[in-house]
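Listed below are the residues making up each chain.
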Amino acid sequence: LAPLLGGRLLCGADYLENLARPAALPVLQTAAQWSARLIYPLIWLGLALSAVRVWRMFRAGRGAVENLPLRDHVTAVALAGLLGQALLCGLLRIPPLPQYFFGTFVLHALMAWFAVDALSRWRAGALPGVLYAAGGAVLTVGAMLVIHARGFEKPRWPTLGNDVEVVRDLNHFTDTTVQTDVAVLQNNPQILRTLRLLLPPAPGTAQTENGRLCIDYHGMGPTGRIHLVWLQVVPGETNQPPPRHEPLDVTPLPKNWVPDARTW
């Protein structure tokens, strides 16, 4: 059933809520979110209309189908594409996340257009279209302003600039493994490893082996940042990493690196 939520790629209301919440006009933001979510019922209505049209094509017989308008054939192809995507999502257990609809977003947009076109026959197509467009515009512009001024607000999500600072600090060491409790780095080590490939140490940079490097997150919310620190060795203690810390491979990615399909 994941394709029924393919509108998430064309909405974004839920993600902007976590990443860039405007400090002012919360009522306007709420209204914009619900307006942007109109894409869901529009797609669902388009799916229903497409199913009815294809059913009529099926009942008309092969000879009649060949003489039907081009729109009927396009509808059948689009509906078949979404059914194929549903089968793929079921077999591979693909969740309904927006990135999994990049290749098929045009099918979802087409279904929404079918719905608006049908509603326009009763002079009702302009209203959901205008509300959706206005909601998307408010969310997009509002998010641009907030991110420009304050950056992403998702907790413990370092900015690209912050990652670059840590990579430049790492360039002073020969360590290939560090400890970290930053979840986004634990789950995606290629963030730092790719930057280390793109930002190698400057010629003549003195490097040393530390063995106790740690990437920690300091602060709260949008003001928080990750820092490269080193754990102090306390005589007589086990000197284990702090809780929730895991080893992180920070070796620069090799050129022409390709993810392992077995683990991605």
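Rules used throughout
Residues numbered from 1 in each chain as written. Predicted model: local features only at pLDDT ≥ 70, side-chain atom pairs only at ≥ 80, totals over all residues. Heavy atoms only, no water. Helix = DSSP H or I, 4+ residues; strand = E, 2+ residues; numbered from the N terminus. Buried < 20%, exposed > 50% of the residue type's maximum accessible area, 1.4 Å probe, protein only. Contact = heavy atoms within 4.5 Å. Areas by Shrake-Rupley, 256 points an atom, 1.4 Å probe, with all protein chains shown as cover. Axes fitted to C-alpha atoms, helices over the stretch in contact; angles between N-to-C directions. Parallel < 35°, antiparallel > 145°, perpendicular 65-115°, else oblique. Left-handed = near helix turned anticlockwise from the far one by under 90°. Nonpolar A, V, L, I, M, F, W, Y, C, P; charged D, E, K, R; others polar. Arc of directions from axis to C-beta. Salt bridge = Lys/Arg side-chain N within 4 Å of Asp/Glu carboxyl O. Patch = residues over 30% accessible without salt bridge, like charges linked within 9 Å, V, L, I, M, F, W, Y side chains within 5 Å. Expected span 1.5 Å × (residues − 1).

Visitor: What exactly am I supposed to notice about the overall build of the chain here?
Guide: A count of helical and extended segments in the chain gives ten helices and four strands. The 264 residues of the chain split such that 33% are buried. Partitioning the contacts of the chain with sequence separation of at least 6, the portion at a separation of at least 24 is 77%. Of the roughly 16,400 Å² of accessible surface on the chain, 65% is carried by carbon and sulfur atoms.

Visitor: How should I be thinking about the packing of helix α5 (residues 70-92) against helix α6 (residues 105-120) in this particular structure?
Guide: Two quantities define a packed helix pair, namely the angle between the helix axes and the distance between the axes. In contact at an axis separation of 10 Å, α5 and α6 are set at 130° when each is read in the N-to-C sense. Classed by the angle they form, the pair α5 and α6 counts as oblique. Two packed elements cross with a definite hand, and for α5 against α6 that hand is left-handed. Taking contact as the criterion, the partners of R71, V74, T75, A78, L79, G81, L82 and Q85 in α5 are, on α6, L107, H108, L110, M111, W113, F114 and D117. A per-class count over the contact of α5 with α6 returns nine nonpolar, four polar and two charged.

Visitor: What am I meant to see in helix α2 (residues 26-36) here?
Guide: In an α-helix there are 3.6 residues to a turn, and that puts residues three or four apart on one side. Those residues of α2 not exposed but buried are Q29, A32, Q33, S35 and A36. With its buried residues spanning 165° around the axis, α2 presents them on a single face. Opposite the buried face of α2, by more than 90 degrees, sit the exposed residues V27 and W34.

Visitor: When you look at the pattern of salt bridges in this model, what are you seeing that I'm missing?
Guide: For side chains bearing opposite charge, pairing can occur when the charged atoms are close. This model, assessed by the stated rule, comprises four salt bridges. For R121, the salt bridge identified is with D117, shortest N-O distance 4.0 Å. Judged by relative accessible area, which is 58%, R121 ranks as exposed. It is possible to trace a salt-bridge network through shared partners that takes in R71, D117 and R121.

Visitor: Explanation requested: the environment of R56 in the structure shown.
Guide: With respect to the element layout, R56 can be found in helix α3 (residues 39-60). Under the relative-accessibility criterion, R56 is labelled exposed at 63%.

Visitor: Help me out: how do you make sense of unusual backbone geometry in this one?
Guide: Negative phi is the rule for most residues except glycine; trans is the rule for most peptide bonds. A positive phi angle is found at R93, which is not glycine, with a value near 55°. Looking at the secondary structure, you find R93 in the loop between α5 and α6. For R93, a relative accessible area of 69% translates into the label exposed.

Visitor: Can you walk me through a nonpolar patch on the surface in this structure?
Guide: On the surface, a nonpolar cluster with roughly 420 Å² of combined accessible area is contributed by L1, L4, L5 and W44. Within the element layout of this structure, L4 appears in the segment before α1 (13-19). Using a relative accessible area of 38% as the deciding quantity, one classes L4 as partly exposed.

Visitor: Would you explain the environment of L119 in this entry?
Guide: With respect to the helices and strands, the residue L119 is situated in helix α6. It is 9.8 Å that separates the C-alpha atoms of L119 and L45, two residues lying 74 residues apart in sequence.

Visitor: Explain α3 here, please?
Guide: Relative to the 32 Å expected for 22 residues at 1.5 Å per residue, α3 spans 31 Å between its end C-alpha atoms, a close match to the ideal helical length. Residues I39, Y40, L42, I43, G46, L47, S50 and M57 constitute the buried set of α3. Taken around the axis of α3, the buried residues stretch over an arc of 150°, which confines them to a single face. Relative to its buried face, α3 has exposed residues pointing more than 90 degrees away, namely R56 and R59.

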